[in-house]
Amino acid sequence: MNRLNFFFKNSTKQIIFKNSSFSTSTNKPLLVEFNDGVKTITLSQQKTRNALSINMMNNLIDTITEDKDNPDLRVIVIGSEGKVFSAGHNLKELSSENEIDTHKKVFNLAFELMNAIIDSPVPVIAKVNGVAAAAGCQLVAQCDISICSKESSFLTPGVNFGIFCSTPGVALSRTLHKSTALKMLLTGRSISAEEAKTAGLITEICNEDDLNKTVASYCEDIKNKSREVIALGKRFYYKQLNLGVKEAYKTGGDIMVENLQLKDGKEGVHSFIEKRKARWTHGTN
């Protein structure tokens, strides 16, 4: 038994993904369903604990970005099959048997994947029902909204294997409280769903049986909003994180003026004044 298998067998609680409507008997890295505005991406390589291999990340990047200009796309949900949401990068690809170019490719793809989530014009929701480790935890932290079952747990155990989780730490340091992020990074200890919510990693916790219903309710809320307004707002949110507070306020004011010139910006104001339901165009003519 290798060290990673030992870790997952002995240090994490086993979670069963009860609510998946997808088959688990597949060699494809992803299962994709696009229905009623929601693209559901399911990590489906249980044998590798849904490791973010080169193949898996390439498929995720392509699937997240391929419909970005499709007005019918309103939300992306990333879930998983099996007892582990994702164990992180495939350590076989990071072993000394591989050339440094392979190592660089892994982390360049991780960079592209995180940027695909940031640059997606629609919200990306992580649906977690199990263990999210290392780059798998990074993936959860980078999503716009993260919803998990009560039994889920989160960790960055790279330090246990001589590989500090530097890139997961980028997402954790921008999402979690400092003390919790450093506890995870420096000790490799896992945190519970409750601790993850308190620290800011998780948006909402629910019972396992309610996970799909809870995620669907978030999707419905988002679908009831204007796609072009959501896209504008999400784009500014990530931009202002890198600005000083005074510049952020100035830029935010400019963005709100821009927002008011949009068709749906105008429609939203008029519908409020006229006390009626807004009729969104979502940026289309």
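Residues numbered from 1 in each chain as written. Predicted model: local features only at pLDDT ≥ 70, side-chain atom pairs only at ≥ 80, totals over all residues. Heavy atoms only, no water.

## Brief notes about helix H6 (residues 178-187)
Listing the buried residues of H6 in full gives Thr 180, Ala 181, Met 184 and Leu 185. Taken end-on, H6 shows its buried residues confined to a sector of 125°, consistent with a single buried face. Of the residues in H6, the exposed ones pointing more than 90 degrees away from the buried face are Lys 178, Ser 179 and Leu 186. In the core, the buried residues of H6 are packed alongside helix H4 (135-142), strand S8 (153-155), helix H5 (166-173), strand S9 (191-192) and helix H7 (193-199). Looking one or two residues past H6, Gly 188 carries a phi angle of roughly 80°, positive in sign. (Buried < 20%, exposed > 50% of the residue type's maximum accessible area, 1.4 Å probe, protein only. Helix = DSSP H or I, 4+ residues; strand = E, 2+ residues; numbered from the N terminus. Arc of directions from axis to C-beta. Contact = heavy atoms within 4.5 Å.)

## Concerning the side chain of Lys 39
Summarising the element assignment, Lys 39 is placed in strand S2 (residues 38-43). Residue classification places Lys 39 among the buried residues on the basis of a relative accessible area of 1%. With near-sequence residues (within four places) excluded, Lys 39 lies in contact with Val 32, Glu 33, Phe 34, Thr 63, Glu 66, Asp 67, Leu 73, Val 75, Ile 76 and Val 77.

## Re the confidence of the model for the chain
The predicted model of the chain has a mean per-residue pLDDT of 91, with 91% of residues at 70 or higher. This stretch, residues 1-26, has a pLDDT under 50; its non-local contacts, to residues over four places away or in other chains, come to 57 contacts. (pLDDT = per-residue confidence, 0-100.)

## Observations regarding the pattern of salt bridges
The final tally for this structure, using the stated rule, is 10 salt bridges. One salt bridge connects Glu 220 with Lys 223, and the closest N-O pair in it is separated by 2.8 Å. Pair noted here: Glu 220 and Lys 223 are both in helix H8 (residues 211-223), with a separation of 3 residues, about one helical turn. Owing to a relative accessible area of 15%, Lys 223 belongs among the buried residues under this scheme. The network of salt bridges with shared partners includes Asp 36, Glu 220 and Lys 223. (Salt bridge = Lys/Arg side-chain N within 4 Å of Asp/Glu carboxyl O.)

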